[in-house]
Amino acid sequence: MKKRVLLLLITTVCTISLFAQAGKDTYQFLNLPTSARTAALGGTNVSLFDNDLNLAFNNPALLTDKTNNVFSLNYVSYLADINFGSVAYGRSFGKNNHMMFGMHYIDYGTFLGTDETDQLTGNFTAKDFALNIMYARTLPLGFTVGATFKPIYSVYERYSSFGVAFDLGASYHNDSVGFSAGLSLRNAGWQFTGYYSIDGAQHRETLPLDLELGISQKLKHAPIRFSLTLHNLQQWDLSYQQSASVNTDNTSSSEVPWYDMMFRHTVWAVEILPSKNMYLTVSYNHRRRKEMNVTDWKTAAGFAFGAGIHVYKFNVGFSLVPYQVGNLSYHVTLSTGLADFGIK
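Everything numeric here is computed off the predicted structure, so don't read it as measured data. (Residues numbered from 1 in each chain as written. Predicted model: local features only at pLDDT ≥ 70, side-chain atom pairs only at ≥ 80, totals over all residues. Heavy atoms only, no water.)

## Section: the overall build of the protein
Scanning the protein for helices and strands turns up 4 helices and 18 strands. A total of 344 residues make up the protein; the buried ones form 45% of that total. Summed over its atoms, the accessible surface of the protein is roughly 17100 Å², and 63% of this surface lies on carbon and sulfur atoms. (Helix = DSSP H or I, 4+ residues; strand = E, 2+ residues; numbered from the N terminus. Buried < 20%, exposed > 50% of the residue type's maximum accessible area, 1.4 Å probe, protein only. Areas by Shrake-Rupley, 256 points an atom, 1.4 Å probe, with all protein chains shown as cover.)

## Examining the packing of aromatic side chains
Using the criterion set out here, one finds 16 aromatic pairs in the structure. Consider the rings of Phe143 and Tyr172, whose centres lie 4.9 Å apart with planes at 45°: the pair is tilted. In this pair, Phe143 is assigned in strand β5 (residues 143-156) and Tyr172 in strand β6 (residues 159-174), connecting sequence segments 29 residues apart. Stacked on the ring of Tyr279, the Lys or Arg Arg37 has its end atom at 4.6 Å from the ring centre. The ring of Phe341 has Lys313 lying over it, and the distance from NZ or CZ to the ring centre is 4.9 Å. (Phe/Tyr/Trp six-rings, centres within 6.5 Å; stacked < 30°, edge-to-face > 60°. Lys NZ or Arg CZ within 6 Å of the ring centre and 35° of its normal.)

## What about a nonpolar patch on the surface?
Taken together, the side chains of Leu73, Ile272, Met278, Leu280, Ile309, Val311, Tyr312, Val316 and Leu334 define a hydrophobic patch exposed on the protein surface, amounting to about 760 Å² of accessible area. Taken together, the elements giving at least two residues each to the nonpolar patch come down to β15 (278-285) and β16 (303-311). Among the secondary structure elements, Leu334 is positioned in strand β18 (residues 327-337). Of the residues examined, Leu334 reaches a relative accessible area of 38% and is grouped as partly exposed. (Patch = residues over 30% accessible without salt bridge, like charges linked within 9 Å, V, L, I, M, F, W, Y side chains within 5 Å. Salt bridge = Lys/Arg side-chain N within 4 Å of Asp/Glu carboxyl O.)

## Things to note about the pattern of salt bridges
Opposite charge on two side chains lets them pair, provided their charged atoms get close. Enumeration according to the criterion identifies 12 salt bridges in this entry. The partner of Glu212 in a salt bridge is Arg186, and the shortest N-O contact between them spans 3.0 Å. Residue Glu212 is found in strand β10 (residues 210-218), and its partner Arg186 is found in strand β7 (residues 179-193); the two are separated by 26 residues along the sequence. Residue Glu212 is classed as buried on the basis of its relative accessible area, which comes to 0%. Arg186 gets classed as buried once you look at its relative accessible area, which sits at 5%.

Structural data, given as structure tokens:
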């Protein structure tokens, strides 16, 4: 992918960022769904206690003894030829202690640089990386607690940044009634080195903190499970400022009714579970719907669709997330238990 100027890169990065936090937080790639199932669930889920290794990226307390020795790869064909993905491996130590080691990244592509006189300066790239080291402990009565340590490295052309984030999570499940719940504080941390300095001092930005609470309930006499996730509970106002003027004094907040703002904190998902080896998912993210909505332009933004199946020794997941007409992202997940191949 060839681009002409660095400004287009900055515009792309801002597009990926959630609009309600435009210009506020750095490392917004941490909010991107790391697996096909998470994308199909609306972009996030902290309550689904289903022995899926990738769900721990949202809540480390979702690790179990059944994620032991599981290896997973995720790949996403995103917007504007942007790609991102993740890799993860789970390991348990006894019945109660569980760990996961993973990494997720985003590659914005290769850009053609020019100076202010439109002279070529050579190609450059832009990438973000985050390591994930997780630990969870199973407690009595169906409770689990967990934490994640995430070193972060970001480089855009000659500008680079380093930071650290932490996730803290708790979960509860009751298999007899098909109920589970989760609480997760994500991306608490610091940017140690900023992308640039001002008067010799590092320009540091805040991280995209997100407090999430969710519940999931499976029907007793039907293969259907519902999930509700409440996100960004630490911040009521998810509107953002916009202005056609360079003068920031002329900016004004978007006027959103309170009931609409409340709904923007929710993600709804429905799963159909024909068997233990298959799932079908559809979800609705109201915030994404509103922020991607264009007057007099039909769009399926806000909805997401996905499916997963167990084939031979592999679990394969696929999801489709529409943003605008012709702007779709495709998510693919492949995971397997290494014990099936004699690796213990």
